[in-house]
Amino acid sequence: MISDIFNVKVLKIASEEGPALGAAILAMVGCQEFKNVNYACEEIIKLEKEFSPIKENTKKYDSKFNDYIKLYPAIKSLFQNVAKQ
C-alpha cells in the first residue's frame, strides 16, 4: 500500500528489529567496527522483499489525493479546530 500511495519502490529488510538494528549499526561505526554507516548497512542489512507500485492502485490514490486537495480549503477550519482541542 505504501508503495502504491507514494508511487515508489519499497524494500523490506529481513529483520523485525529495525530501530534497534539501526542503533547497533551506529554504535558499531562509532566503535570503528565499520569505516562508515553506508558500508555497515551494506554488510549488515539483508533485504527480504521488494514492493513495486501497482499502476492501477497508484492512479486511484492519486485521484483521491486530488479530490482531497480540492476539498481541503473548504474543510481546513475543521482541522484547525481539532488541533486546538
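Residues numbered from 1 in each chain as written. Predicted model: local features only at pLDDT ≥ 70, side-chain atom pairs only at ≥ 80, totals over all residues. Heavy atoms only, no water.

1. Section: the overall build of the chain
Turning to step 1, where the next piece is worked out: Looking only at helices and strands, the chain features 4 helices and 2 strands.
Turning to step 2, where the next piece is worked out: Taken against the 2.2 N^0.38 rule, which gives 12 Å for 85 residues, the C-alpha radius of gyration of the chain at 20 Å runs more than 25% over that of a compact globule.
Turning to step 3, where the next piece is worked out: Counting the 85 residues in the chain, one finds 9% classified as buried.
Turning to step 4, where the next piece is worked out: Summing over all exposed atoms, the chain offers an accessible surface of approximately 7,200 Å²; the carbon and sulfur share of this is 59%.
Turning to step 5, where the next piece is worked out: Seen as two clouds, the 12 positive and the 11 negative side-chain charges of the chain have centres 11 Å apart. (Helix = DSSP H or I, 4+ residues; strand = E, 2+ residues; numbered from the N terminus. Rg over C-alpha atoms; globule rule 2.2 N^0.38 Å. Buried < 20%, exposed > 50% of the residue type's maximum accessible area, 1.4 Å probe, protein only. Areas by Shrake-Rupley, 256 points an atom, 1.4 Å probe, with all protein chains shown as cover. Lys, Arg positive; Asp, Glu negative; His and termini not counted. Charge placed at Lys NZ, Arg CZ, Asp CG, Glu CD.)

2. Topic: the nonpolar core
Turning to step 1, where the next piece is worked out: Core analysis: the largest hydrophobic core is formed by 5 residues, namely Leu21, Ile25, Val29, Phe34 and Ala40.
Turning to step 2, where the next piece is worked out: Examining the composition of this core, we find that 3 residues originate from one element, helix H2 (residues 18–30), more than from any other.
Turning to step 3, where the next piece is worked out: Setting aside residues up to four positions removed in sequence, Leu21 forms contacts with Ile13, Ser15, Ile44 and Ile45. (Core = buried A, V, L, I, M, F, W, Y, C linked by side-chain atoms within 4.5 Å. Contact = heavy atoms within 4.5 Å.)

3. Overview of unusual backbone geometry
Turning to step 1, where the next piece is worked out: One non-glycine residue, Asn7, adopts positive backbone phi at about 55°.
Turning to step 2, where the next piece is worked out: Structurally, Asn7 can be placed in the loop between helix H1 (2–6) and strand S1 (10–13).
Turning to step 3, where the next piece is worked out: Its relative accessible area of 46% is what places Asn7 among the partly exposed residues.

4. Remarks on the pattern of salt bridges
Turning to step 1, where the next piece is worked out: Summed over all chains, the structure comprises 2 salt bridges.
Turning to step 2, where the next piece is worked out: In this structure, Glu16 engages Lys12 in a salt bridge whose closest nitrogen and oxygen atoms are separated by 3.6 Å.
Turning to step 3, where the next piece is worked out: On the basis of relative accessible area, Glu16 is assigned to the exposed category, the value being 66%.
Turning to step 4, where the next piece is worked out: The exposure class assigned to Lys12 is partly exposed, which follows from its relative accessible area of 29%.
Turning to step 5, where the next piece is worked out: Put simply, Lys12 and Glu48 hold a salt bridge, and the shortest N to O gap is 3.3 Å. Linking Lys12 in strand S1 with Glu48 in strand S2 (residues 47–51), this pair joins segments that are 36 residues apart in sequence. (Salt bridge = Lys/Arg side-chain N within 4 Å of Asp/Glu carboxyl O.)

5. Side note on the side chain of Ser3
Turning to step 1, where the next piece is worked out: Its location among the elements puts Ser3 in helix H1.
Turning to step 2, where the next piece is worked out: A relative accessible area of 3% means that Ser3 is categorised as buried.
Turning to step 3, where the next piece is worked out: Of note is the side chain of Ser3, whose polar atom sits 3.4 Å from the backbone oxygen of Phe51.
Turning to step 4, where the next piece is worked out: In contact with Ser3, not counting residues within four places along its chain, are Val8, Lys9, Val10, Phe51, Ser52 and Pro53. (Polar contact = N/O pair within 3.5 Å; in protein donor to acceptor, adjacent residues only side chain to side chain.)

6. Looking at a nonpolar patch on the surface
Turning to step 1, where the next piece is worked out: A contiguous nonpolar patch, built from Met1, Ile2, Ile5, Phe6 and Val8 and spanning about 540 Å² of accessible area, is present on the exposed surface.
Turning to step 2, where the next piece is worked out: Within the fold, Ile5 resides in helix H1. (Patch = residues over 30% accessible without salt bridge, like charges linked within 9 Å, V, L, I, M, F, W, Y side chains within 5 Å.)

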